[in-house]
Amino acid sequence: MSEICPHTGSSDRSSISQVEKFHIILNMEKEEEKFVNKAEEDEMEIYGYGLCRWKLVLVTVGVICSGGLLLLLLYWMPQWRVKATCKRTTLKDCEVVLLRTTDEFKIWFCAKVCSMRSLGANPLQNPKVSNGHAVPFYESAAEENKNYLKKYLPIRYFTHHSVRYFWNDSDQNFDVVRDLGEPTSCSSIHNEHSTGLTKRMRDYRKTFYGVNEIVVKVPSNFKLLIKEVLNPFYIFQLFSVILWITDEYHYYALAIVIMSVISIVSSLYTIRKQYVMLHDMVAAHSIVRVSVCRGNKEIEEVLSTDLVPGDIMLIPSNGTIMPCDAVLLSGTCIVNESMLTGESVPVTKVNLPNPSEYPKAMGDEIYSPEMHKRHTLFCGTNVIQTRFYTGELVKALVVRTGFSTAKGQLVRSILYPKPTDFKLYRDASLFLLSLVVVAGIGFLYTVVNSILNEVPARTIIIESLDIITITVPPALPAAMTAGIVYAQRRLKKIGIFCISPQRINICGQLNLVCFDKTGTLTEDGLDLWGIQQVENARFLLPEEKACSESLLKSEFVACMATCHSLTKIEGVLSGDPLDLKMFEAIGWILEEATEEETALHNHITPTVVRPSKQLFAESKQATNQEMELFELSTGYEIGIVRQFPFSSVLQRMCVIGRVLGEKRMDAYMKGAPEVIASLCKQETVPVDFERVLEEYTKQGFRVIALAHRKLESKLTWHKVQTINRDAIESNMDFMGLIIMQNKLKQETPAVLEDLRKANIRTVMVTGDNMLTAISVARDCGMILPQEKVIIAEALPPKDGQAARINWHYADTLAKCTSSSPAINSEDIPVKLVHESQSLENLQSKHHFAMNGKSFAVILEHFQDLVPKLVLDGTVFARMAPDQKTQLVEALQNVDYYVGMCGDGANDCGALKRAHGGISLSELEASVASPFTSKTPSISCVPKLIREGRAALITSFCVFKFMALYSIIQYISVALLYSILSNLGDFQFLFIDLAIILVVVFTMSLNRSWKELVAQRPPSGLISGPLLCSVLSQIIICLAFQTFGFFWVKQQSWYEPWTTESDACNVLDATNTSSAHDGNETLHDEHYIKNYENTTLFFISSFQYLIVAIVFSKGKPFRQPCYKNFWFVISVIVLYVFIFFIMLHPVESIDTLLELVCVPYEWRVRILIIVILNVMVSVLTENVLLDMILWKVVFNRDKQGEYRLTIPQPPQEAVDRCGVCFLSSLFGCREKTPKAKYMHLAQELLVDPEWPPKPQTTTEAKVPSQENGSYQIIAVT
């Protein structure tokens, strides 16, 4: 840049420099738009800021001048706080970071950037100094301090939600320190990380990873109190109390203070109790003593808090509670993972194979705790027992510690939950804002009216602010919570436990429920129906029992005896229920080596299975070959040498065994028939395999295939321990099928029919065979007999061919309909555009079915088809756990409110992701699901939805009532302000305590309706029916209060009230000329006592009770209000009391409430006003709104929805005219459905190419670079 003379062009230089600065700031802002946790669920934008002293000074002055209000505002708004006190800078130089979530909530957080000193910047590498050479670890601390103290590097980091983010120079951004589970290959785990860490390296890593502890700090009562008191709601209450004390409303202010203190104390108690419960749950067994291997092969005992990723932990033989996530390097463990999954069946964990030992046999892959669950011990799980051989210890490599572990992430999700996105809560905020607007109008009205009447400035300020406190009800949050609390208690009574109460309301909106099959729709246990062997590639006749004499030494029974994951825990056989049933069916015995035997033998001591003596006894009676059978009983046993555990991805398991005395080993495999057949020699698979399999699966049987292979004699024991399973699981001989019967639970068809009648879609998501799933779906009524099932078989791209979907129709199963439940055809829900099309649509209703592989291909290559397929997709088979979660997300993307019901084992992700996840685990409370049913029955689903609907309607009722309460009081005060009067202290007290609080907390006690109905409650407050209801009641209340206010002035006895007025004893008010003089007469300071006040007090008191009754609706979502005992008693008592003091005044009560005496005839007229008010309010709500607007206009048939067909009455033509008129009047005749799935269904109804024709193919072409969309072409 050229130099500029300092004496010329100063103004130009100044303007240029300002422009340059502006551009620099703009460029910096563009460059600094960075993210942390990129492409993850908790992705956040990050911005850097540095402290600015002059801004701090200005903010300090502002805080002082505003009396601390500015400080409160900055406390509530972290983004304002940072921007008000700091200046924007680069992330590299920042002192504070500002974070904003990238989800729909856009929540702001701020964090202070801290600094520490370390020898290096990467904990997984040896530390390096600036010249790039590794820093040696000295044994002498003094020597190290002397030579290398100056070479420590400053490391910058910040902490957010219990996770540390460190500065990464290469990315110029903050990032989480990666653990060993992220970038590490399986071979490097064995070759580079299996020796353990030195103490110095452990200390170095600990500076980054911190203490291995999941800390749930229980805040002190003082901290909780400050946090609770600084809530905007309580600040508003504090402001209101100060205002009321200033206005001399001492009793009312005191009552509000007492209520607030009770509310704060109960809230603190509840919050602290939750913290303590979580702390106790996490702290249990969180700190234990463990043995670790150091780099020099020495074994050291340390506290689990000192563990870091890279440590080698020794698992004790008697088991332990895992303090971290670790991958098994040697040995076997039996683990109870119920804390994480809710599944109480123990699972077997085996050591991670080492690909480098047999590079040709198995390929290397990146280790992932999620992908390699069978080899990973998760934090918090209970290792029941271990098995080791030849004195070798059971070792595990620590891969994740602290909050990075599976348990830590679970605790973080509880400590820092995502806000609940529900339309009700968004609308509630908008409604409060509208009340604030109303309050603003009242504020201006009060100021103008007071100025015109020359009211003192102090009074103007107090009264204008007072009307704001009247309009926004302070008790609203507590009132809204009451219904949810009552619903939670009712759910607990019926055995449904809830850890997320806010989700109860959302459950009231569920319109689709996904069900797991096994253990959810069907019985958990499987019964062996029979077996069908294969000989010479032909199926033999089915056999009922597998323990016959002819099968005793067969390879078929040997496979059933060995191919399982059963183990003995304290002498009791334990494992997968299917394996248990299969093993019990053959009557064999399993024997495991003791710890002493496994430790002493030089070779691996296998698990041994053998027939029981009873089997031989029965066989002896049948054959009379005594000596031969005796020799057999003492010698025939099979040792299980190697086990390849069942994988849901591979859909099979395999074992290697050896019959005692045999030289060659055998491989046995079982799994999904399609998978097993593909791994067998084709000449051993029967030609009619697919037909036989289809026959069984169509009848709802669970079919498992078996295969066998004689291994080469060159395979030794040690080679078998390291061989890749792919080398074993090939060229097998197909042996036959095991047919298991999985019966429907007794209540399943009835529950699904109830859901269908309530217009709630049901979807099956299972890991079972697709045809079996379709059969079960038909049997339980999920798919009706006359409805078609279209199977979508998607194939990935291969050999240059694009991905494609083959469409074909499943058998209609006419021959099996006899087993289907009896379903009344009149109750069948159909999809309608017009009533005349009902029969046609009834016959053409279709369902899609697909397996997990097809679903994955469709998600990747046919994204445009996903919404169409999930719209009518009913059966999703062979679904992996993560695919279940993806399906729930796909359904939510088209605006379904999704419920998920599963057994808590493979459904954890889907249960968490769904709007309402309910686990059928036997555990009382499952951390994997918002709801847990104590009884393993899907009957809990309609119960939960009914309670959700009742809680949702209760929330609407309470909100409407609280809004009307504030508006009614607002109208009373605004009318009284016009004559410079107000309500009295005890009048406010009586209304708010005796009427409002009693009514609010009793009207929420209505129980749910006894059955589900097709009609769904609205999801938000900003809806036509609710707004019409509220606005109509506001108008009615305004009209009657205004009428009473002006009518009292028209009475012959009326005069502006003074202390000498006695209207009760004046029959004919003749002295009307003294009206002006009466204003000059001394009266009470606030002019509370007057005829207008007394009139409005009685009318408004009745109006609170009127709207409470009008809004307390029962059917179809709640029990009628007359069945709510406490509500009925409360309303009756209040009505009687107010009637009594109005018609028969009591002097002491009148004095307390500051009421004046009015003639009896006027009291009767007030009663007439009240009766008319009751009639108009009830007729408007129950007749005009419910019978006309709700049913005719707002509850029109929505295209794309399912509804019950109802016969049309003869008056249909006349009714249709009324519908057309009212619809056009309200401008909603051609209204497009808001939900995406409804809009999509509306489009598909007129799409001639949907659903796809049978025997057609849909092909996906490579996406164009311009828009990335896939072109879909149909090929017949």
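The preceding data block contains the structure.
Okay, so let's go over this structure. (Residues numbered from 1 in each chain as written. Predicted model: local features only at pLDDT ≥ 70, side-chain atom pairs only at ≥ 80, totals over all residues. Heavy atoms only, no water.)

**Digging into the overall build of the chain**
Consideration 1: Looking only at helices and strands, the chain has 43 helices and 44 strands in total.
Consideration 2: When the 1276 residues of the chain are sorted by exposure, 51% land in the buried category.
Consideration 3: Considering only residue pairs separated by 6 or more positions, the chain has 75% of its internal contacts joining residues 24 or more positions apart. (Helix = DSSP H or I, 4+ residues; strand = E, 2+ residues; numbered from the N terminus. Buried < 20%, exposed > 50% of the residue type's maximum accessible area, 1.4 Å probe, protein only. Contact = heavy atoms within 4.5 Å.)

**Topic: the pairing of strand E18 (residues 382-387)**
Consideration 1: In this structure, strand E13 (residues 320-321) lies alongside E18, joined through two bridges in antiparallel fashion. The residue bridging Thr320 from the neighbouring strand is Val383, located in E18. (Pairing = 2+ DSSP bridges.)

**Thoughts on the nonpolar core**
Consideration 1: Of all hydrophobic cores here, the largest spans 92 residues; its most connected members are Phe961, Met962, Ile995, Ile996 and Val999.
Consideration 2: Per-element accounting of this core gives the leading share, 19 residues, to helix H34 (residues 940-977).
Consideration 3: Residues within four places of Val999 in sequence aside, it is in contact with Phe961, Leu1105, Ala1108, Phe1127 and Leu1134.
Consideration 4: Within the second largest apolar cluster, 44 residues are counted, among which are Ile504, Leu521, Met770 and Val789. (Core = buried A, V, L, I, M, F, W, Y, C linked by side-chain atoms within 4.5 Å.)

**Points about the sheet that holds strand E12 (residues 312-314)**
Consideration 1: An order of E11-E10-E12-E19-E14-E17 is seen for the six strands of this open sheet, with the pairing classed as antiparallel. Edge strands, defined here as strands with exactly one partner in the open sheet, are strand E11 (299-303) and strand E17 (376-377).
Consideration 2: By the bridge criterion, five bridges tie strand E10 (residues 289-293) to E11 in an arrangement that is antiparallel. From the neighbouring strand, Cys293 faces E11, where its bridge partner is Ile299.

**Points about the packing of helix H2 (residues 53-65) against helix H3 (residues 69-76)**
Consideration 1: The interhelical angle for the contact between H2 and H3, taken along N-to-C directions, is 120 degrees, at an axis separation of 6 Å. Our classification of the angle between H2 and H3 gives oblique. Residue-level contacts link Val59, Gly62 and Val63 of H2 to Leu70, Leu71 and Leu74 of H3.
Consideration 2: Each residue belonging to the contact of H2 with H3 can be placed in one class, and the counts come to five nonpolar, one polar and no charged. (Axes fitted to C-alpha atoms, helices over the stretch in contact; angles between N-to-C directions. Parallel < 35°, antiparallel > 145°, perpendicular 65-115°, else oblique. Nonpolar A, V, L, I, M, F, W, Y, C, P; charged D, E, K, R; others polar.)

**What about the side chain of Ser966?**
Consideration 1: Within the secondary structure layout, Ser966 lies in helix H34.
Consideration 2: Among the polar contacts made by the side chain of Ser966, one reaches the main-chain carbonyl oxygen of Ala963 at a distance of 2.8 Å.
Consideration 3: Sequence-distant contacts of Ser966, that is, excluding residues within four places in its chain, are made with Leu435, Ile470, Thr471 and Pro473. (Polar contact = N/O pair within 3.5 Å; in protein donor to acceptor, adjacent residues only side chain to side chain.)

**Here's the deal with the pattern of salt bridges**
Consideration 1: Counting across every chain of the model gives 22 salt bridges.
Consideration 2: Asp175 is the partner of Arg178 in a salt bridge, and the nearest nitrogen-oxygen pair spans 3.5 Å.
Consideration 3: Of the residues examined, Arg178 reaches a relative accessible area of 34% and is grouped as partly exposed.
Consideration 4: Taking the shortest distance from any N to any O, the salt bridge between Lys206 and Asp306 comes out at 2.6 Å. In this pair, Lys206 is assigned in helix H7 (residues 199-209) and Asp306 in the loop between E11 and E12, connecting sequence segments 100 residues apart. (Salt bridge = Lys/Arg side-chain N within 4 Å of Asp/Glu carboxyl O.)

**Some points on a nonpolar patch on the surface**
Consideration 1: A surface patch of nonpolar side chains, amounting to about 810 Å² of accessible area, comprises Tyr1160, Val1164, Ile1168, Ile1171, Leu1172, Met1175, Leu1179, Val1183 and Met1187.
Consideration 2: Along the polypeptide, Ile1171 turns up in helix H41 (residues 1160-1194). (Patch = residues over 30% accessible without salt bridge, like charges linked within 9 Å, V, L, I, M, F, W, Y side chains within 5 Å. Areas by Shrake-Rupley, 256 points an atom, 1.4 Å probe, with all protein chains shown as cover.)

**Points about the packing of aromatic side chains**
Consideration 1: Overall, the coordinates contain 31 aromatic pairs when judged by the stated rule.
Consideration 2: Ring pairing ties together the aromatic residues Phe1043, Trp1047, Trp1053, Tyr1054, Tyr1091 and Trp1162, which thus form one cluster.
Consideration 3: The lysine or arginine in question, Arg164, covers the ring of Tyr157, its NZ or CZ lying 4.8 Å from the ring centre. (Phe/Tyr/Trp six-rings, centres within 6.5 Å; stacked < 30°, edge-to-face > 60°. Lys NZ or Arg CZ within 6 Å of the ring centre and 35° of its normal.)

**Things to note about H7**
Consideration 1: Turning to H7, its buried residues are Met201, Arg202, Tyr204, Arg205, Phe208 and Tyr209. In a view along the axis of H7, the buried residues occupy a sector of 160 degrees, so they form one face of it.
Consideration 2: Those residues of H7 that are buried are in contact with strand E6 (114-118), strand E7 (153-160), strand E8 (163-168) and E11.
Consideration 3: Phi turns positive, to about 75 degrees, at Gly210, one or two residues after H7. (Arc of directions from axis to C-beta.)

**Structural notes on the packing of helix H35 (residues 985-1003) against helix H38 (residues 1091-1111)**
Consideration 1: At their nearest, the axes of H35 and H38 sit 10 Å apart, and the two run at 5 degrees to each other. By the criterion of interaxial angle, the relationship of H35 to H38 is roughly parallel. Residues Gln987, Phe990, Ile991, Ile995, Ile996, Val999 and Met1003 of H35 touch H38, and the partners they reach there are Asn1093, Phe1097, Ser1101, Tyr1104, Leu1105 and Ala1108.

**Some words on the sheet that holds strand E16 (residues 347-350)**
Consideration 1: In spatial order, the strands read E13-E18-E15-E16; together these four strands make up an open sheet with antiparallel pairing. Every other strand in the sheet has two partners, leaving E13 and E16 as the edge strands with one partner each.

**Describing unusual backbone geometry**
Consideration 1: With an omega of 5 degrees, the peptide bond between Trp1250 and Pro1251 qualifies as cis.
Consideration 2: In this structure, Pro1251 sits in the loop between helix H43 (1236-1245) and strand E43 (1256-1260).
Consideration 3: Positive phi, close to 55 degrees, is recorded for Asn37, a residue that is not glycine.
Consideration 4: Tracing the sequence through the fold places Asn37 in the loop between strand E1 (34-36) and strand E2 (44-51).
Consideration 5: Phi is positive for Leu980, which is not a glycine, with a value near 60 degrees.
Consideration 6: Among the secondary structure elements, Leu980 is positioned in the loop between H34 and H35.
Consideration 7: A relative accessible area of 34% places Leu980 in the partly exposed class.

Everything listed here is a matter of geometry and, on its own, says nothing about what the molecule does.
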